[in-house]
Amino acid sequence: MSEYNQDKLIQDVVKAFSGTPDARLRELMTALVKHVHAFAREVDLRPEEWQAGLKFLTATGQISTDTRPEFVLLSDTLGLSMMVVALQQARASGTPQGALPPTEATVEGPFYWAGAPDLELGADIAEGVPGEPALYMGRVTDLDGKPLAGALLDIWSGDGDGLYDVQLSDEPTMKARGRFRTDNEGRYWFWSIRPTFYPVPFDGPVGEMMRACGRNINRPGHIHMQVSAPGHVKLTTHIFVAGSPYIDEDAVFGKRDSLVVDFEAHPPGRAVDGREMETPYHSASFDFRLVPEPA
Ligand code: BEZ
Ligand code: FE
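Nothing here was measured: the structure is a model prediction, and the numbers come from that model.

J.: Tell me about the packing of aromatic side chains, residues and numbers included.
T.: Per the counting criterion, the structure on display carries 11 aromatic pairs. Between Phe111 and Tyr164, the aromatic rings sit 4.3 Å apart at their centres with planes inclined by 25 degrees, giving stacked as the arrangement. Of the two residues, Phe111 sits in the loop between α5 (80–93) and β1 (133–141) while Tyr164 sits in the loop between β2 (152–157) and β3 (177–181), which places them 53 residues apart along the sequence. Both residues of the pair, Phe111 and Tyr164, count as buried. For the ring pair Tyr112 and Trp156, a centre distance of 4.8 Å and an interplane angle of 65 degrees mean the geometry is edge-to-face. In this pair, Tyr112 sits in the loop between α5 and β1 while Trp156 sits in strand β2, placing the two residues 44 residues apart along the sequence.

J.: Please give an account of the pattern of salt bridges that cites residues and values.
T.: The final tally for this structure, using the stated rule, is 17 salt bridges. Here Asp203 ties to Arg68 by a salt bridge, and the two come within 2.8 Å at their closest N and O atoms. Of this pair, Asp203 sits in the loop between β5 (198–199) and α6 (205–212) while Arg68 is found in the loop between α3 (47–63) and α4 (70–77), placing the two residues 135 residues apart along the sequence. Arg68 sits in the buried class, given a relative accessible area of 18%. One salt bridge connects Arg256 with Glu104, and the closest N-O pair in it is separated by 3.9 Å. Residue Arg256 is located in the loop between β8 (235–241) and β9 (260–261), and its partner Glu104 is located in the loop between α5 and β1; the two are separated by 152 residues in the primary sequence. Relative accessible area serves as the criterion here: at 24%, Arg256 is assigned to the partly exposed category. The class of Glu104 is partly exposed, set by a relative accessible area of 29%. Among the ionic contacts, a cluster of salt bridges with common partners joins Arg68, Glu70 and Asp203.

J.: Any details on the pairing of β2? Residues and values, ideally.
T.: In terms of burial, β2 is a largely internal element, six of the six residues being buried. The pairing of β2 with β3 spans five bridges and is classified as antiparallel. Following the sheet pairing, Leu153 is matched in β3 by Phe180. Relative to strand β7 (residues 222–228), β2 is paired through six bridges, and the arrangement is antiparallel.

J.: Can you lay out empty space enclosed by the protein for me, pointing to particular residues and giving the numbers?
T.: Inspection of every chain in the model, using the stated rule, returns one cavity of 30 Å³ or more. The calculated volume of the largest cavity comes to roughly 90 Å³. Contributing to the lining of the largest cavity are Leu73, Asp76, Glu108, Gly109, Pro110, Phe111, Tyr198, Val200, Pro201, Arg219, His224 and Val252.

J.: For the side chain of Lys255, give the residues involved together with the corresponding values.
T.: Relative to the assigned elements, Lys255 resides in the loop between β8 and β9. Separated by 3.0 Å, the side chains of Lys255 and Asp248 make a polar contact. Leaving out residues up to four positions away in the same chain, Lys255 has contacts with Phe240, Ile247, Asp248, Asp250 and Val260.

J.: Account for the nonpolar core, naming residues and giving values.
T.: If you look at the biggest cluster of nonpolar residues, it comprises 39 residues, and the most contacted ones within it are Tyr136, Val140, Tyr188, Ile239 and Phe288. Ranked by residues supplied to this core, first place goes to β8 with four residues. By size, the runner-up hydrophobic cluster in this structure holds five residues, among which are Leu135, Ala271, Met277 and Tyr281.

Reading the values: the criteria
Residues numbered from 1 in each chain as written. Chains lettered and ligands numbered in written order. Predicted model: local features only at pLDDT ≥ 70, side-chain atom pairs only at ≥ 80, totals over all residues. Heavy atoms only, no water. Phe/Tyr/Trp six-rings, centres within 6.5 Å; stacked < 30°, edge-to-face > 60°. Helix = DSSP H or I, 4+ residues; strand = E, 2+ residues; numbered from the N terminus. Buried < 20%, exposed > 50% of the residue type's maximum accessible area, 1.4 Å probe, protein only. Salt bridge = Lys/Arg side-chain N within 4 Å of Asp/Glu carboxyl O. Pairing = 2+ DSSP bridges. 1 Å grid on protein atoms, 1.4 Å probe; cavity = no way out; pocket = protein on both sides within 12 Å on 5 of 7 lines; lining within 4 Å. Points joined across faces, edges and corners; volume = space filled by probe spheres on them. Polar contact = N/O pair within 3.5 Å; in protein donor to acceptor, adjacent residues only side chain to side chain. Contact = heavy atoms within 4.5 Å. Core = buried A, V, L, I, M, F, W, Y, C linked by side-chain atoms within 4.5 Å.

Quick look at the structure:
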């Protein structure tokens with residue numbers, strides 16, 4: 001096909017979408033067509049390569065379930081999830097002059113499970129979970145640093161072996177998950193373990209792609225949270241463990257320097273929240289700053 005006819009093909013496909021009633025869907029489909037055709041031309045895509053690509057996408061669909069969302073993993077490992085997070089946060093933020101920067105958002109990942117138990121401040125979400133104990137504490141504020149009382153932190157974490165509850169059994173029970181509300185001064189504190197690095201699920205097509213490309217499959221140690229308060233944009237983020245292996249090569253590109261926290265080591269004794277610890281433990285302090293909902 002001559003270059004003229006290749007151009008004509010793209011124009012014809014774009015035209016076929018031109019009557020899409022929804023303007024945003026028309027914009028998305030038009031750009032998608034232009035970009036996938038540009039990709040094929042740039043790499044001079046061969047039929048056997050496109051067949052292999054289709055086989056990969058088919059396998060990605062076939063392995064997918066609600067608890068094994070392989071397409072999410074594909075989006076994560078291509079950095080696309082993080083790009084969508086960054087675009088969303090830039091759109092929502094419009095930080096007012098003089099305000100403090102909002103806490104950076106990062107990927108949700110595949111292991112969020114709605115309905116974690118509501119716990120009292122100071123509770124330990126990691127009872128029966130392997131790992132070194134860690135006390136997490138800080139405040140939730142607005143962009144002026146004003147405390148947000150009653151803000152909700154919905155927390156989930158892997159264990160000290162790098163595994164989430166949903167990976168431990170086909171019929172898992174919740175572990176290392178909990179919801180906390182900040183006190184009148186916007187403070188939160190709770191216990192869990194210090195999370196360790198772990199690989200993203202690598203026994204499927206995405207793992208195969210990562211291996212074929214010589215990619216690192218690990219994420220640095222981190223704990224997940226959604227933080228929300230009335231009148232503010234819900235924040236999905238992590239706290240990362242400073243010094244964790246893979247801290248500078250997160251397999252899903254989710255690490256942000258502003259989210260990396262030093263975990264202070266403590267000998268056995270009375271922790272700042274009054275808990276008597278018979279073993280050594282860690283503590284991590286982090287404040288969350290939420291963006292106001294657009295008027
Ligand atoms: C996680 O942090 O749990 C995760 C995020 C993206 C892909 C796989 C795992
Ligand atoms: Fe995680």
